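Summary of the model geometry
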Amino acid sequence: MGGPHSRVSGSRGNIFESDIAIIHNPRPHFCDRNLRIYEKRLAAGEIFTPRDIFYYANELKDHKIYDRAIYYYEKFLQSGKGWLEDNVSACDRLADCYHEIRDYEQEIAWILRSFLFDRPRAQQCCRLGYYFLEKGQYKAASYWYETAIASRNDYSWGIANHACSTWLPHLQLCVCYDRLGEYERAYEHNEKAREYRPDDEKILHNKKYLESKLSITNDGEISTEEKRG
């Protein structure tokens, strides 16, 4: 049946938290509009503010111009004038750039660099977990995935990937503990992931696979015979 699957400036007035999502769907002929605006300003000799530099770097990254994006993200961070969330985001995006050019040591270095600005975020913990999972270091990977679950992004005003503090680390922990032969723990984490994504095919596959490894009673408890084994 195979083993478990994995996936890889201030404001005024009152501020309210909400779980709304904003999706940008630009028209194809406008997709490079912002980049062209920044390039024109740069060619005119305009001096960019740190925030301009950050957003210009974002445009370069989005257009897969990774070498220049890296240069401007580093320039932004070197200014020392960025908002905390933008500093953390710049580190994450630098890690993305280095991942795309397959410089994985620098990718990890920039994830760790983000810890100089704030405590670890769930998405960063998941990236570190995946790094160790790919290397077959399952205990190290499980540490970072457990930390991701504990590192909820509720305190953050930045962009948060809530999958990284909910179903995703549980799914990856299922994989880690399966590789370590700890099938009960693998099953427990897969069930936690299933609470968030009850119809996910990979999670349902894992459930069936792990139930073949363990003796599961009708009420969902692992039998005492299997526990003794």
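The rules behind each value
- Residues numbered from 1 in each chain as written.
- Predicted model: local features only at pLDDT ≥ 70, side-chain atom pairs only at ≥ 80, totals over all residues.
- Heavy atoms only, no water.
- Helix = DSSP H or I, 4+ residues; strand = E, 2+ residues; numbered from the N terminus.
- Expected span 1.5 Å × (residues − 1).
- Buried < 20%, exposed > 50% of the residue type's maximum accessible area, 1.4 Å probe, protein only.
- Contact = heavy atoms within 4.5 Å.
- Polar contact = N/O pair within 3.5 Å; in protein donor to acceptor, adjacent residues only side chain to side chain.
- Disulfide = S-S within 2.5 Å.
- Salt bridge = Lys/Arg side-chain N within 4 Å of Asp/Glu carboxyl O.

This part is about helix H10 (residues 201–213). Along its 13 residues, H10 runs 19 Å from first to last C-alpha, staying within 8% of the 18 Å computed at 1.5 Å per residue. What H10 keeps buried is the set Ile203, Asn206, Lys207, Tyr209 and Leu210. Residues of H10 that are buried sit in contact with helix H8 (167–179) and helix H9 (183–196). The N-capping residue of H10, defined by a side-chain oxygen 2.9 Å from the backbone nitrogen of Lys202, is Asp200.

Turning to helix H4 (residues 84–100), a few remarks are in order. When the terminal C-alpha atoms of H4 are compared, their 25 Å separation across 17 residues agrees well with the 24 Å that a helix rising 1.5 Å per residue should span. Counting buried positions over the 17 residues of H4 gives 12, a clear majority of the element. Within H4, the full set of buried residues consists of Glu85, Asp86, Asn87, Val88, Ser89, Ala90, Cys91, Asp92, Leu94, Ala95, Cys97 and Tyr98. Against helix H2 (50–62), helix H3 (66–79), helix H5 (104–113) and helix H6 (122–134) lie the buried residues of H4. Where H4 terminates, the next one or two residues include Arg102, which has phi positive at roughly 65°.

Below, the discussion takes up the side chain of His170. Mapped onto the elements, His170 comes out in helix H8. On the basis of relative accessible area, His170 is assigned to the buried category, the value being 10%. Leave out the neighbours within four places in its chain, and His170 touches Ile149, His189, Asn190, Lys192, Ala193 and Tyr196.

Tallying each qualifying case throughout the model produces zero disulfides. No disulfide involves Cys164; its sulfur sits 4.1 Å from that of Cys126, the nearest cysteine.

Quick look at the pattern of salt bridges now. Counted according to the given criterion, the structure contains 16 salt bridges. When the shortest N-O distance is used, the salt bridge between Arg41 and Asp52 registers 3.1 Å. Linking Arg41 in helix H1 (residues 33–43) with Asp52 in helix H2, this pair joins segments that are 11 residues apart in sequence. Across the pair Glu85 and Arg121 runs a salt bridge, and its minimum N-O distance is 3.0 Å. Highlighted residues: Glu85 in helix H4 and Arg121 in the loop between H5 and H6, separated in sequence by 36 residues. The exposure class assigned to Glu85 is buried, which follows from its relative accessible area of 11%.

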